[in-house]
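Okay, here's what each chain looks like letter by letter:
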Amino acid sequence: MPISAPTELAARQIPCPQEQRRGLMAACLAHALHDGYTDGLYAFLPIWQSQFGLSYAGLAIVRALYFGTMGGLQIPADRLLSGVSPRNTLVLSTIIAATGLAIMAIPMGFVGLCCGLVLAGIGSSIQHPRASQLITECYGDAARRPLSLYNFSGDLGKAILPALIALLIPIFAWRPITGMLALLGLALSLVLIELTPRKITPGAAISLDQVPPGGHAGFMWLLAIGAFDTATRMGYLLFLPFLIHSREGSSATVGIALALLFAGGALGKATCGWLGDHLGIVRSVVATETATSLLIIATLFTPLSGTLVLLPLLGIVLNGTSSVLYGTVPELAPGGDTGRAFAVFYTGVIGAGGLAPIAYGILADHVGRTTGQLATAATALLIVPMVLRLGPSMKAA
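Below you will find a few notes about this structure. The structure presented is a predicted model; accordingly, all values stated were derived computationally and were not measured.

1. Some remarks on the environment of His 128
For step 1, the next point in the chain: Within the secondary structure layout, His 128 lies in helix H7 (residues 109-139).
For step 2, the next point in the chain: In this structure His 128 touches His 31, Asp 35, Gln 74, Tyr 150 and Tyr 346, once residues within four positions along its chain are discounted.

Below you can see the structure in the form of structure tokens.
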């Protein structure tokens, strides 16, 4: 990877431990809130369908106003704000997302809902790459484990805010609830202003003078691996409820199954960054993706009780690989531009997460659900030769 000033990189400094912890905590709090906003919207979909007379296709379009904006604007948002500090952009992203929810809370009809969703999506599009860059600036070469904690914090938000919304919906109308969520975001913005380090204080130097030989090609391999990993995860989630029902499981059992899978996934996101540090990237990804494929196949042949036992283990490896991959982005960032690299990476994995279920669904419609689920297992196995190809591009595989 050609870098014009390697001596400048070699002299780069990292903050003191207190500023590292503050930066990590700020990024994790923002991630938890934004991911909580993202998954919390699912709870409102049936209400919006009923209130605005939407078809399922119309509801999907309304949902896409947020998700499409969030996924599609990550690269433009990072480029536009490249000269602004990660601290200020993190605060800005949270204020914009909260303002979007505040607009949704105002009784402005369907147009107000759509405008609020777009604005909230713009705010969330900023958060991912800039928070990841903040952690990278704070920890340098040691960013892999903090990035895995950042990854895990998003799952906490996905668990807490949707559950809170579900508890409030029987008591309040949906607009007051979105207003409460907006106030929560504005309050967090004030916390972030005080919590996030304003200026990086030089501490211990980090060794960035050794440049990985893979260059741009190495990053593209990493992006492809991230896309395939996300495709595997989203594809399996598409089929899991039908798998449980085929074993005579009830809707409540489907909820339990998803909770077990997500609980394992949260644990995997928190721990697999550590695994990457100790086993190396290649061996960690080979292990997690092989285990993912085998466990997906195993759930096809186990009874309901056995499937429920396997799901937490599957969740660990199904979700945990992402922490290893996110932690590798700074190492392979083309030109050393970690902000843009994270923006490109998040755009790729979010896009894969949106398109893969459609492809698996078409396959299942034509050749059966079992074949569709086997295709997700095959996708995980395809990552193994890809990560072996990635190995030579990294400093420490």
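Text resumes after the structure shown.
2. Details of the side chain of Asn 151
For step 1, the next point in the chain: Summarising the element assignment, Asn 151 is placed in helix H8 (residues 144-168).
For step 2, the next point in the chain: Its relative accessible area of 3% is what places Asn 151 among the buried residues.
For step 3, the next point in the chain: One polar contact links Asn 151 to Ser 322, side chain to side chain, over a distance of 2.9 Å.
For step 4, the next point in the chain: Among residues more than four places away in sequence, those in contact with Asn 151 are His 31, Lys 269, Ser 322, Ser 323 and Tyr 326.

3. Some thoughts on the packing of aromatic side chains
For step 1, the next point in the chain: By the definition in use, this model includes six aromatic pairs.
For step 2, the next point in the chain: Taking 5.4 Å as the distance between ring centres and 80° as the angle between the ring planes, the aromatic pair formed by Tyr 66 and Phe 67 counts as edge-to-face. Comparing Tyr 66 with Phe 67, the two get one shared label, buried.
For step 3, the next point in the chain: Put simply, the rings of Phe 44, Trp 48 and Trp 174 touch in pairs and so form one group of aromatic residues.

4. Points about a nonpolar patch on the surface
For step 1, the next point in the chain: On the surface, a nonpolar cluster with roughly 250 Å² of combined accessible area is contributed by Met 25, Leu 29 and Val 191.
For step 2, the next point in the chain: Overall, the relative accessible area of 40% leaves Val 191 in the partly exposed class.

5. Quick look at unusual backbone geometry
For step 1, the next point in the chain: For Glu 248, which is not glycine, the phi torsion reads 70° and is therefore positive.
For step 2, the next point in the chain: Note on placement: Glu 248 falls in the loop between helix H10 (215-246) and helix H11 (251-279).
For step 3, the next point in the chain: Residue classification places Glu 248 among the exposed residues on the basis of a relative accessible area of 77%.

6. A closer look at the pattern of salt bridges
For step 1, the next point in the chain: On inspection of all chains with the given rule, the structure shows three salt bridges.
For step 2, the next point in the chain: A salt bridge links Lys 269 to Asp 155, with the nearest nitrogen and oxygen atoms 2.9 Å apart. In this pair, Lys 269 sits in helix H11 while Asp 155 sits in helix H8, placing the two residues 114 residues apart along the sequence. Neither residue differs from the other here; Lys 269 and Asp 155 are each classed as buried.
For step 3, the next point in the chain: Across the salt bridge formed by Arg 233 and Asp 229, the nearest N and O atoms sit 3.1 Å from each other. With Arg 233 and Asp 229 both in helix H10, this residue pair falls four residues apart, about one helical turn.

7. Let's talk about helix H12 (residues 281-299)
For step 1, the next point in the chain: The terminal C-alpha atoms of H12, which comprises 19 residues, lie 27 Å apart, in line with the 27 Å expected from a rise of 1.5 Å per residue.
For step 2, the next point in the chain: By the burial criterion, the buried members of H12 are Ile 281, Val 282, Ser 284, Val 285, Thr 288, Glu 289, Thr 292, Ser 293, Leu 295, Ile 296 and Thr 299.

About the thresholds
- Residues numbered from 1 in each chain as written.
- Predicted model: local features only at pLDDT ≥ 70, side-chain atom pairs only at ≥ 80, totals over all residues.
- Heavy atoms only, no water.
- Helix = DSSP H or I, 4+ residues; strand = E, 2+ residues; numbered from the N terminus.
- Contact = heavy atoms within 4.5 Å.
- Buried < 20%, exposed > 50% of the residue type's maximum accessible area, 1.4 Å probe, protein only.
- Polar contact = N/O pair within 3.5 Å; in protein donor to acceptor, adjacent residues only side chain to side chain.
- Phe/Tyr/Trp six-rings, centres within 6.5 Å; stacked < 30°, edge-to-face > 60°.
- Patch = residues over 30% accessible without salt bridge, like charges linked within 9 Å, V, L, I, M, F, W, Y side chains within 5 Å.
- Areas by Shrake-Rupley, 256 points an atom, 1.4 Å probe, with all protein chains shown as cover.
- Salt bridge = Lys/Arg side-chain N within 4 Å of Asp/Glu carboxyl O.
- Expected span 1.5 Å × (residues − 1).

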